[in-house]
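The lines below spell out each chain.
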Amino acid sequence: MTTATVTNVRGTERAVTPWLASTGWAIVLGAASGSACVAIRLFFRLLQWVFVQQTGMLPIAAATLPPARRILTPIIGAALATLVVWMMRKWAPDLHFEEYVEAVRLRNGRIPLLSTLWRTAASAFSVATGAAIGREGSMIQFAAAISSWVGERSPLRNLSLSRQVAYGAAAAVAAAYQAPIAGIFFVTEILLGEWAWCDIPQLLLASSTGWLISRFVLGAGPLFPVRGSLLMTHDLLWVLPLALVLGAVGPAYQKLLHFSAAAKRLPFALLWSGLAVGVLALIEPKVWGNGDAALLRILQNKTMLLGIFSVFTFRLVATTFCVGTGTVGGVFTPTLFAGAALGLATGHLLHTPEPSILAICGMGLLMAAVTHAPLMAALMAVELTGQWHLLPIILPCNLLASLIARTISRESLYAIASPEPAQ
C-alpha cells in the first residue's frame, strides 16, 4: 500500500468518524427530547385528572361538568398559574427565559432550564383546566430546553449547541404531533431558517427517535385520523381560491393575536382569561382546550355549517383572549383548527361532495400563511390526517398562500424580532 493510499484512507476515516459520532448523538438527543415531550404530556394528563377526573379530550370533560364547575375550573387554573408566575418573580427575579427559536438563531442554542421549568408549571395549570391555548408549545419548549441542557454536556466539540437543540426540536415536534417528517421541515423552515442539507440525516434520526418514543408511550396512528381515502374530484379546484383567501387571512389572524396583547394591562389578567373561557364554555364546551376535539369533528365532517361558525367564533375569542392575557402555551393547534374550520365551511357553502378535503387543505393553508413554512404545513396536514394522496394538491397551494402572506406582511408567527413570540 502506497503512502498516498494510506493518507487517503486516514483522511476518509477522519471525515467519517465525526459524522458517525454526530449521527449517534442525534439519536441520543432525539431520545432525550422525545422522552421530555412525552413526560410533559403525561404530567398534563395527570393534572387534568386532578381537576376534572378525566384524562381524555378536555371538551368532553367540560360537557360532563355542571355549569358552576365549568366556569370555576378555568378560573382556578388561571389563579394557580398566576401564583406560579408571582412565585417565580419573587424567588427568582434574575431568571431569564429564552424562547427556543430565538435561542437557536441568536443565543447559540442556550435555553435556561430553570426558567423553562417555571413557565411549564404555569402552563400546566392553564392547560389542564381548559385554557383555549395549545399545550404542544410548552411541550416543545421544555423538550428544547432539555436538549440544550444535554447538548451543553456533549462530548462532541464539532457540533454546535444550536444544531443540537435543532435536532431536539425536530424530535419534540415529531413526538407532540406524531409527525416525524413535518418535524424535520419545522426545523429547516422555521427554527434554522435555512436549508441545511448536511443536517438532514441527523434531523431524520432525531425526529424518528422522538416519534417512536411517542408511539410507544402514547399510542400510534395519526393524531386526527380521517377514515378512508377521500375521493379527489373536480371540486378540488376550489382549493386554489381558498389558498388566495387564507393567504390574506393569515396576516390578519396574526395581527389579531398581536393586538390582543393589550389585555395584559388588565389587573390579574390571567383570571380574566379563565373567566372568559369558563363563560363561553357554558354555551360551547369545545372552547376548552387546544381545539383537538373540535378539529377532529371538523376533519371528519361531523359539524354542520352553523355549528362550524359557532365553534370557530367562540374559540377565536377565547384563544385570542388567552394569548392576549399572557397565558403560557402555543397557538399551533388552535391555528390548525381555525384553518380546518374555514375550509370545511367553504366546502359546505359550495356543496362539495367531499368537504373534508377542503378542511384538510384549509388546515395546511392557514398554517402556511401564518408561519411562512409551506412545506412543513403541507406535511403536517397529511401526517396528522393520514391523507397522503392530497399532498400534491396541498403543497403548491401552500406555496401560493405563503407567498401572498409574505407579500402582505413579512412577519411570521415565529418572528424572532418579536419580544414576546406567540408560541
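Residues numbered from 1 in each chain as written. Predicted model: local features only at pLDDT ≥ 70, side-chain atom pairs only at ≥ 80, totals over all residues. Heavy atoms only, no water.

**Student:** If you had to explain the overall build of the protein to someone new, which residues and values would you point to?
**Tutor:** For the protein, the helix and strand inventory stands at 17 helices and 0 strands. Its C-alpha radius of gyration of 22 Å places the protein within 12% of the 22 Å reference for a compact globule of 423 residues. Looking at the protein as a whole, 55% of its 423 residues are labelled buried. Across the protein, contacts joining residues at least 24 apart in sequence account for 80% of those joining residues at least 6 apart. Carbon and sulfur atoms form 68% of the exposed surface of the protein, whose accessible area is close to 17,600 Å². (Helix = DSSP H or I, 4+ residues; strand = E, 2+ residues; numbered from the N terminus. Rg over C-alpha atoms; globule rule 2.2 N^0.38 Å. Buried < 20%, exposed > 50% of the residue type's maximum accessible area, 1.4 Å probe, protein only. Contact = heavy atoms within 4.5 Å. Areas by Shrake-Rupley, 256 points an atom, 1.4 Å probe, with all protein chains shown as cover.)

**Student:** How would you explain the packing of aromatic side chains if you had to name every residue and give the values?
**Tutor:** Applying the stated rule across the entire model yields 6 aromatic pairs. Each ring, one from Phe-51 and one from Phe-125, has its centre 6.5 Å from the other, and the planes form 80 degrees; the classification is edge-to-face. Of this pair, Phe-51 sits in helix 1 (residues 3–52) while Phe-125 sits in helix 5 (residues 113–128); the two residues are 74 residues apart in sequence, bridging distant segments of the chain. Note on Tyr-177 and Phe-332: the rings are 5.2 Å apart at their centroids and 50 degrees apart in plane angle, and the pair reads as tilted. (Phe/Tyr/Trp six-rings, centres within 6.5 Å; stacked < 30°, edge-to-face > 60°.)

**Student:** Account for the packing of helix 8 (residues 180–191) against helix 9 (residues 200–218), naming residues and giving values.
**Tutor:** Contact pair helix 8 / helix 9: the axes reach a minimum separation of 9 Å and the direction vectors enclose 135 degrees. In terms of orientation, helix 8 and helix 9 fall into the oblique class. Here the hand of the crossing between helix 8 and helix 9 comes out right-handed. Facing Pro-180, Gly-183, Ile-184, Val-187 and Thr-188 of helix 8, the residues of helix 9 in contact are Ile-200, Leu-203, Leu-204, Ser-207 and Trp-211. A per-class count over the contact of helix 8 with helix 9 returns 7 nonpolar, 3 polar and no charged. (Axes fitted to C-alpha atoms, helices over the stretch in contact; angles between N-to-C directions. Parallel < 35°, antiparallel > 145°, perpendicular 65-115°, else oblique. Left-handed = near helix turned anticlockwise from the far one by under 90°. Nonpolar A, V, L, I, M, F, W, Y, C, P; charged D, E, K, R; others polar.)

**Student:** Outline the layout of surface pockets, listing residues and values.
**Tutor:** Of the volumes computed, that of the second largest pocket is approximately 470 Å³. Broken down by secondary-structure element, the contributors of at least two residues to the lining of the second largest pocket are helix 1, helix 6 (136–151), helix 7 (161–177), helix 9 and helix 12 (292–299). (1 Å grid on protein atoms, 1.4 Å probe; cavity = no way out; pocket = protein on both sides within 12 Å on 5 of 7 lines; lining within 4 Å. Points joined across faces, edges and corners; volume = space filled by probe spheres on them.)

**Student:** Kindly report on a nonpolar patch on the surface, identifying the contributing residues and their values.
**Tutor:** Among the surface-exposed residues, Phe-43, Leu-46, Trp-49 and Val-50 lie close enough to one another that they form a single nonpolar patch of about 410 Å² accessible area. Note on placement: Val-50 falls in helix 1. (Patch = residues over 30% accessible without salt bridge, like charges linked within 9 Å, V, L, I, M, F, W, Y side chains within 5 Å. Salt bridge = Lys/Arg side-chain N within 4 Å of Asp/Glu carboxyl O.)

**Student:** Help me get a handle on the packing of helix 10 (residues 239–259) against helix 13 (residues 305–324), residues and values and all.
**Tutor:** The packing of two helices is summarised by the inter-axis angle and the distance between the axes. Two elements in contact, helix 10 and helix 13, have axes separated by 8 Å at closest approach and are oriented at 50 degrees. Relative to helix 13, the element helix 10 is oriented oblique. Counting all contacts with helix 10, which are made through Tyr-253, Leu-256 and Leu-257, the residues of helix 13 involved are Leu-316, Thr-320 and Val-323. Among the residues making up the contact of helix 10 with helix 13, the classes are represented as 5 nonpolar, 1 polar and no charged.

**Student:** How would you summarise the environment of Gly-34 if you had to cite specific residues and measurements?
**Tutor:** Here Gly-34 is to be found in helix 1. Note on Gly-34: relative accessible area 0%, which makes it buried. Between the C-alpha atom of Gly-34 and that of Ala-175, which follows or precedes it by 141 residues, the distance is 5.6 Å. Non-local contacts of Gly-34, meaning those with residues more than four positions away in its chain, are made with Ala-171, Ala-175, Gly-210 and Ile-213.

**Student:** Give a detailed account of the pattern of salt bridges, specifying residues and quantitative values.
**Tutor:** For the structure shown, the criterion picks out 7 salt bridges. For Asp-292, the salt bridge identified is with Arg-135, shortest N-O distance 3.5 Å. Here Asp-292 is found in helix 12, whereas its partner Arg-135 is found in the loop between helix 5 and helix 6, with 157 residues between them in sequence. Classification of Arg-135 as buried rests on a relative accessible area of 15%. One salt bridge in this structure joins Arg-163 and Asp-199, with 2.5 Å as the shortest N-O distance. A residue pair is termed long-range when its members are at least 10 positions apart, and Arg-163 in helix 7 and Asp-199 in the loop between helix 8 and helix 9 qualify at 36 residues.

**Student:** Pulling in residues and values, what's your account of the side chain of Thr-320?
**Tutor:** By secondary structure assignment, the location of Thr-320 is in helix 13. Apart from residues lying up to four places away in sequence, Thr-320 is in contact with Leu-256, Leu-257 and Ser-260.

**Student:** Account for helix 17 (residues 391–408), with residues named and values stated.
**Tutor:** The end-to-end C-alpha distance of helix 17 is 25 Å, a good match for the 26 Å that 18 residues give at a rise of 1.5 Å each. Among all positions of helix 17, only Ile-394, Cys-397, Asn-398, Ala-401, Ser-402, Ile-404 and Ala-405 are buried. Looking straight down helix 17, one finds its buried side chains confined to an arc of 160 degrees; they lie on one side. Residues of helix 17 that are exposed and angled more than 90 degrees away from the buried face: Pro-392, Leu-403 and Thr-407. For helix 17, the elements touching its buried residues are helix 10, helix 15 (355–371) and helix 16 (374–385). (Expected span 1.5 Å × (residues − 1). Arc of directions from axis to C-beta.)

**Student:** Any chance you could break down helix 12 for me, citing the residues and the numbers?
**Tutor:** Of all 8 residues in helix 12, 6 are buried; the element is thus mostly enclosed. Those residues of helix 12 that sit buried are Asp-292, Ala-293, Ala-294, Leu-295, Ile-298 and Leu-299.

**Student:** Any details on the nonpolar core? Residues and values, ideally.
**Tutor:** Judged by nonpolar contacts, the single largest core of 117 residues is most densely connected at Tyr-100, Tyr-177, Leu-299, Phe-332, Leu-365 and Met-380. With sequence-adjacent residues up to four places away left out, Met-380 is seen in contact with Val-173, Tyr-177, Ala-179, Ala-182 and Phe-332. One finds Ala-78, Val-84, Met-88 and Val-328 within the second-largest nonpolar core, a separate group that totals 8 residues. (Core = buried A, V, L, I, M, F, W, Y, C linked by side-chain atoms within 4.5 Å.)

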